[in-house]
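Residue-level listing of the chains:
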Amino acid sequence: MHASPFRRVAIGAVASLSLVLTACSGSSTDSPAKLSDKPVTLRLTYWGADARAKLTDEAIAAFEKKYPNIKIKGQYKDWNGYWDALATTTAAKDSPDVIQMDELYLASYADRGALYDLGKAKKFLDTSQFDAKALATGQVDGTQYALPVGIGVMSVVVNTDLFKKYGVALPDDKTWTWDDYAKVAKELTDKSGGKINGTSTAPGFDAGSLKYWARQQGGNLFGKDGNVSLKPAALAGMWKYGQQLISSGASIKASTLVEDQTAGITAGSFATGKTAMINAYNTQITALQQATGAHLKLLQMPHVGTTKANFFKPSMYWAVSSQSKHPAEAAEFVNFLLNDPTAADILKTERGIPANKKMLQHLESGLAGTDKAAVDYMNEVTPGESPVVTPNGGSGIEPELQRYSQDVYFGKTSPDAAAKAFIKELQGEIDAAK
């Protein structure tokens, strides 16, 4: 349950979203999307770096060759600047036509009418090759506002070189529990003589870990009514378990956990060979393997009982702005990015393992190494029902969760008190956004 593989939420972005909350009106049209008979220019916005931009530009060129009547102007920013810019342009009713969207913000934009109902563009947008559970990750109150580009599932990534070096057997990940996880981590620390710690993970630094913990207790982080349904006892139990990992030496100490959050997953303790296990998404194995230079293996998450606690996590979505004057053409472009083999051959797994089953099959024979391992692992895991999308007002959950987790792990507050305070604060923000 390490930081999200896909991105961390930015404080500035949460604040800037308030611009959207008062400036958005409903969808640009209640009628089905129609193609224009004149040349159309669309704007595309996404977060990322130069490598993603290069591939995206190649996909744009391929689309324009196939659809010469439609031109695409792409623009990208880093994660922090992206959300500030999107909030500002949306508030000014100048939103880009096609938007790369994140789960944390989906409901916030959808609830305020900033996103187009993709059901109105069925003529141009094929969703038949998406698993129903994957499609559900892009729905708000039953309406499809976004389509997942890639998907991942939670896992434990282990450095098998360190297990072998210190004579620790790999656990049976089909049966292991959290107690087993703690014992294996402690054994690694002890047999190394303290040269390493068993794990880089104490839960509570990302929303994914919180969702998983709640689900294996038979609950959920958010209920279908959009309110916090997490029970304080479940959250307190998660932190108490983390405290035990830290105090026993099975996990790195609290100060190092915080340093790892700042360093990022490819520069933290696991990446630098100081721990042998980390809880992460299966899609992170490639970056971790490149960082460690070690042999890595994906194990299924420890569990409580037989509850299917794992779930599909969208790497990101494609969405269409409700302010777009050309929703049909925007849908055509999204359809190309998600359904066309030409686009799949260009983009491959850069934005995650394709959520489109047909495109994944198209690419699968050419995947090797850690990309293949990530796909094989996902095929082995049976996820449960998709969690409720983070509700409007809940976009700041990760920095809040990290703040309370630090207070608990540094001994500034008790797990029980922190659990009640966190839930109250999060619910208060959701109520304020209604």
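For the structure, see preceding data.
For every chain, the first residue of the written sequence is number 1, and numbering continues from 1 onward in sequence order. Totals for whole chains, interfaces and linings use all residues, but because this is a predicted model, local features are given only for residues with pLDDT of at least 70 and pairs of side-chain atoms are given and counted only at 80 or more. To get the side-chain values, all heavy atoms of the structure are used, and hydrogens and water are removed first.

Undergrad: Could you give an account of the overall build of the protein, naming the residues involved and the relevant values?
TA: The number of helices and strands found in the protein is 18 helices and twelve strands. Relative to a compact globule of 434 residues, whose C-alpha radius of gyration would be 22 Å, the protein shows 22 Å and is just as compact. Buried positions account for 57% of the 434 residues belonging to the protein. Throughout, a residue-residue contact means that at least one pair of heavy atoms, one from each residue, lies within 4.5 Å. Restricting the contact set of the protein to residue pairs at least 6 apart, pairs at least 24 apart contribute 80%. Areas reported as accessible are Shrake-Rupley estimates using a 1.4 Å probe. Residue values count occlusion only from the protein chains shown. Accessible area of the protein: about 17400 Å², with a carbon and sulfur share of 51%. A run of H or I in DSSP becomes a helix once it reaches four residues, and a run of E becomes a strand once it reaches two; helices and strands are each numbered from the N terminus. Throughout, radius of gyration means the C-alpha value; the globule benchmark is 2.2 Å times the number of residues raised to the power 0.38. Think of it in three bands: residues with accessible area under 20% of the maximum for their type are buried, residues over 50% are exposed, and the middle band is partly exposed, with areas taken using a 1.4 Å probe on protein chains only.

Undergrad: So what about the sheet that holds strand E3 (residues 98-101)? Which residues, and what values?
TA: Ordered in space as E2-E1-E3-E11-E6-E12, the six strands form an open sheet in which the pairing is mixed. A strand with exactly one partner marks an edge of an open sheet, and here the two such strands are strand E2 (70-77) and strand E12 (353-354). Both strand E6 (residues 146-152) and strand E11 (residues 313-320) contribute to a ladder of six bridges, which runs antiparallel. Paired with proline 148 across the two strands is tyrosine 317, which belongs to E11. To get an axis, a line is fitted to the C-alpha atoms, and for a helix only the part in contact is used. The angle between two axes follows their N-to-C directions and goes from 0 to 180 degrees. Most of the contacts of helix H13 (residues 327-339) go to E11, to which it runs at about 150°, and overall it touches strand E1 (40-47), E2, E3, E6 and E11. For two strands to pair, DSSP has to find at least two bridges joining them.

Undergrad: How would you explain empty space enclosed by the protein if you had to name every residue and give the values?
TA: The pocket and cavity definitions rest on a 1 Å grid over protein atoms only: a 1.4 Å probe that fits but cannot leave marks a cavity, an open set with protein on both sides within 12 Å along at least five of seven lines marks a pocket, and residues lining either have an atom within 4 Å of a point. Grid points are joined across faces, edges and corners, and a volume is the space filled by probe spheres set on the points. Scanning the entire structure with this criterion turns up five cavities of 30 Å³ or more. Taken as a whole, the largest cavity holds about 150 Å³ of empty space. In this structure, the largest cavity is lined by 15 residues; those nearest its centre are Val149, Leu337, Leu347, Lys348 and Pro354. Tallying contributions element by element places helix H14 (residues 341-347) first for the lining of the largest cavity, with three residues. Its residues assigned to classes, the lining of the largest cavity comprises eleven nonpolar, two polar and two charged. By the convention adopted, Pro, Cys, Tyr, Trp, Phe, Met, Ile, Leu, Val and Ala count as nonpolar, Lys, Arg, Asp and Glu as charged, and the other residues, Gly among them, as polar.

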